[in-house]
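Results of the structural survey
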Amino acid sequence: MKKSYFFSKIILVLIVFLALGLGGSYLLQNLVYKDFLGRIKLAAEISLAAVNPDRIENLAELLPEDISQNQDYLRVKSQIIKLGNLFVLDGIDAIYLLTINSGTIYFIAESTPDSQPLAVAPGKIYIRPPQEAYQAFTNNQAYYTEKYSDEFGTYISLFIPVENSAQGGQIGVLGVDVDYSHYQSSLAKALIIFWLIWLTIIILAFLIFLYLRNMRRRRNEFKANEQRIRAISDSISDAVVVVDDENKIIFWSRVSEKIFKLPRAKALGHKFSELVKPDRVLDIEAEKHISDFEFSVNKNLVGKMFEFRLKDKDGAPSEYYELSFSSADVGSERYLVGVFHDISSRMREEFELQHQKSELEKLNNLMIGRELKMIELKKELDSLKSDSGVKKSKK
């Protein structure tokens, strides 16, 4: 059930990412298209500023006659070719000038050099112009086209009126083309890059999701283990204290709270020596008292046992404890575990036995002394009796 829920969440997230990717690719297409329109407009505006409108007007009046050797044509043709070379890296395929006569559109000059196959001769009729070209002549306004095809190929274009700067009248139309295959190629590259980046983001997001999910699962497992350990340790009559490799307390059992009179919240994160001051710590194996005892990972305490006593608030000795140590390794981290066992009852019994022994020894000494005196007294009596018998016999 959990696995199916997990996979359903993954599928839902992938659907969301896919929807966002499709939305992003749609926005990218619009951006690329607008970028090409901006390039076309820039090329058109610079071309209009560079070409002499008087020459264009003179050539428009001569068409459809042959103007190929006309000086104005040669000058305009040279300028248009240079402009075409200038914008070729921006994807501009052709820049050209048009005029209209009795509803027929003629080419005045075009940026393709005469040596190339698609070069257009001056005076050539534009057989299949887009509707936007006619609208530019009719309405004296600039018009962008969508994808269209004519006798030269398939393009996206801008047709913008050319006006006489002195008189203000329209004298022709400037056309700027972007080859549609070039546009498609640029769009395809942009989309491929976008989808590669987007897939990378999806993969990274998925990996981060798995990492966070794994971390959360580990945290939950750690909390569950900690709760189990705490429940087990709290059920033990002995106090359990655990410190990390920095000697800071990370575990403080409920019995520890009772013994050391310190709540868990105040103990965690502190060093044991900062909170508890044991009195008369005895190393049982070495049979010697330790004055500088420290609950520390670095003190080689594992396997050793100690006895000590705590003092109450007034400084008087209170309870006696036996302390044993063990270590726990989790990954690269080492923890020191201390178990405190209350031996106060045993110590009191030992003290009582010691006291009784001392009393018996005193009594025994008294009895022995009394018996020795009795023996001495008996010897003295016997001696007196012996002396008395001797005197009687002499009489």
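The sections below set out a description of the structure shown in this document.

Conventions used here
Residues numbered from 1 in each chain as written. Predicted model: local features only at pLDDT ≥ 70, side-chain atom pairs only at ≥ 80, totals over all residues. Heavy atoms only, no water. Helix = DSSP H or I, 4+ residues; strand = E, 2+ residues; numbered from the N terminus. Rg over C-alpha atoms; globule rule 2.2 N^0.38 Å. Buried < 20%, exposed > 50% of the residue type's maximum accessible area, 1.4 Å probe, protein only. Contact = heavy atoms within 4.5 Å. Areas by Shrake-Rupley, 256 points an atom, 1.4 Å probe, with all protein chains shown as cover. Lys, Arg positive; Asp, Glu negative; His and termini not counted. Charge placed at Lys NZ, Arg CZ, Asp CG, Glu CD. Salt bridge = Lys/Arg side-chain N within 4 Å of Asp/Glu carboxyl O. Arc of directions from axis to C-beta. Expected span 1.5 Å × (residues − 1). Polar contact = N/O pair within 3.5 Å; in protein donor to acceptor, adjacent residues only side chain to side chain.

Glancing now at the overall build of the protein. Tallying secondary structure elements over the protein gives 9 helices and 13 strands in all. For the protein, the C-alpha radius of gyration of 54 Å lies well beyond 21 Å, the compact-globule estimate for 395 residues. Each principal axis of the C-alpha distribution contributes one length, and for the protein these read about 200 × 45 × 35 Å. Burial analysis of the protein (395 residues in total) assigns 34% to the buried set. Taking the contacts inside the protein whose residues are at least 6 apart along the sequence as the reference set, 51% of them involve residues at least 24 apart. Total accessible area on the protein stands at roughly 25,500 Å², and carbon and sulfur atoms take up 56% of it. Here the protein contributes 51 positively and 52 negatively charged side chains, and the mean placements of these two sets differ by 16 Å.

Turning next to the pattern of salt bridges. Applying the stated criterion across every chain, the model contains 4 salt bridges. The closest approach of N and O atoms between D35 and R39, which form a salt bridge, is 2.8 Å. Highlighted residues: D35 and R39, both in helix 1 (residues 2–50), separated by 4 residues, approximately one helical turn. Across the pair D72 and R55 runs a salt bridge, and its minimum N-O distance is 2.9 Å. Remark: R55 occurs in helix 2 (residues 53–62) and D72 occurs in helix 3 (residues 71–86); sequence separation between them is 17 residues.

In this model, L63 is joined to P64 through a cis peptide bond whose omega is 15°. Take P64: it is sitting in the loop between helix 2 and helix 3. Of note, N140 is a non-glycine position whose phi angle comes to about 55°, a positive value. Checked against the element boundaries, N140 lands in the loop between helix 4 (131–139) and strand 3 (143–144). Of note in this structure, E287 is not a glycine but carries a positive phi near 55°. Following the sequence through the fold, E287 ends up in the loop between strand 9 (279–283) and strand 10 (288–290).

On to helix 4, then. When we look at burial in helix 4, the residues that qualify are A133, A136 and F137. Along the axis of helix 4, the buried positions cluster into a sector of 95°, meaning they face one direction only. Seen from the open side of helix 4, the exposed residues pointing more than 90 degrees away from its buried face are Q131 and T138. On its buried face, helix 4 sits against strand 1 (92–101), strand 2 (104–110), strand 3, strand 5 (154–163) and strand 6 (170–179).

Between its first and last C-alpha, helix 3 extends 23 Å over 16 residues, near the 22 Å set by a 1.5 Å rise per residue. Residues D72, Y73, V76, K77, Q79, I80, I81, L83 and G84 constitute the buried set of helix 3. For helix 3, the side-chain oxygen to backbone nitrogen distance between the N-cap and D72 is 2.7 Å, and the N-cap itself is N70.

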